[in-house]
Amino acid sequence: MEVTKASDKDFEDLLANNEKVIVKYYAGWCGSCRLIAPKFNKLAGLEENEQVTFLSVDAENSPKARSLAKVNNLPFFAGFKNGELVEGFPSSKIEAVEELIKKL
């Protein structure tokens, strides 16, 4: 599955309509965000993750989506299950995201 770009406009609908969601919050100026993006995209494409929806949210332009996960640093990853935040954390390590997927 591909990573879907989301914004405040569609974020809550995407959470409501997908059971398991992993969100990557980023900003255009964030070097670590750019470095982890290809790894995040690869993770989204793995067959074992086909039941998970992957979203990418520009944290600077989506304050409502950012506040739902309590984003405090970038890149920031959040896992939602049935619309509820399971966990969120800043990280530039894809292994941390893999562990978050397992918690969903």
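Further up the page is the structure itself.
Thresholds applied
- Residues numbered from 1 in each chain as written.
- Predicted model: local features only at pLDDT ≥ 70, side-chain atom pairs only at ≥ 80, totals over all residues.
- Heavy atoms only, no water.
- Disulfide = S-S within 2.5 Å.
- Buried < 20%, exposed > 50% of the residue type's maximum accessible area, 1.4 Å probe, protein only.
- Helix = DSSP H or I, 4+ residues; strand = E, 2+ residues; numbered from the N terminus.
- Pairing = 2+ DSSP bridges.
- Right-handed = clockwise from strand over helix to strand, strands pointing away.
- Axes fitted to C-alpha atoms, helices over the stretch in contact; angles between N-to-C directions.
- Contact = heavy atoms within 4.5 Å.
- Parallel < 35°, antiparallel > 145°, perpendicular 65-115°, else oblique.
- Left-handed = near helix turned anticlockwise from the far one by under 90°.
- Nonpolar A, V, L, I, M, F, W, Y, C, P; charged D, E, K, R; others polar.
- Core = buried A, V, L, I, M, F, W, Y, C linked by side-chain atoms within 4.5 Å.

Draft legend 1. Structural detail: the state of the cysteines. Under the counting rule described, the total for this entry stands at 1 disulfide. The disulfide partner of C30 is C33, and the gap between their sulfur atoms is 2.4 Å. Since a negative S-S torsion denotes a left-handed disulfide, the C30-C33 link at about 80 degrees is right-handed. The class for C30 is buried, based on a relative accessible area of 5%. Taking relative accessible area as the criterion, C33 reaches 3% and is therefore assigned buried.

Draft legend 2. The pairing of strand β2 (residues 20-26), seen in detail. Counting buried positions over the 7 residues of β2 gives 6, a clear majority of the element. In this sheet, strand β3 (residues 52-58) lies alongside β2 in parallel orientation, the contact comprising 7 bridges. Each bridged residue has a counterpart across the sheet, and for K20 the counterpart in β3 is V52. Read as a crossover between parallel neighbours, the route from β2 over helix α2 (residues 31-45) to β3 is right-handed. Relative to strand β4 (residues 76-81), β2 runs antiparallel, the two sharing 6 bridges. Directly across from Y25, in β4, lies its bridge partner F76.

Draft legend 3. The arrangement of the sheet that holds strand β1 (residues 4-6) in detail. Spatial strand order, β1-β3-β2-β4-β5: 5 strands in an open sheet with mixed pairing. At either end of the open sheet lies a strand with only one pairing partner, and these are β1 and β5 (84-90). Between one strand axis and the next, the sheet turns by 25 degrees as a mean value, whatever way the strands run. Across 3 bridges, the pairing between β1 and β3 is parallel. Paired with K5 across the strands is S56, a residue of β3. Together, β2, β3 and β4 form the strand contacts of α2, whose direction differs from that of β2 by roughly 165 degrees.

Draft legend 4. Quick peek at the packing of α2 against helix α4 (residues 94-103). Two numbers describe how α2 lies on α4: the axes approach to 10 Å, and their chain directions differ by 30 degrees. The pairing of α2 with α4 is recorded here as roughly parallel in orientation. Both α2 and α4 take part in a crossing whose hand is right-handed. Along the contact surface, α2 presents I36, K39, F40 and L43, while α4 presents I94, V97, E98 and I101. Class assignment of the residues belonging to the contact of α2 with α4 gives a composition of 6 nonpolar, no polar and 2 charged.

Draft legend 5. Representation of the nonpolar core. Core analysis: the biggest nonpolar cluster contains 21 residues, and F11, V23, Y25, L74 and F80 have the highest contact counts within it. If you list the elements that add at least two residues to this core, you get α1 (11-16), β2, β3 and β4. Here this core takes 4 residues from β2, the largest share from any one element. By size, the runner-up hydrophobic cluster in this structure holds 14 residues, among which are I36, F40, V52 and V97.

Purely geometric numbers; function is a separate question.
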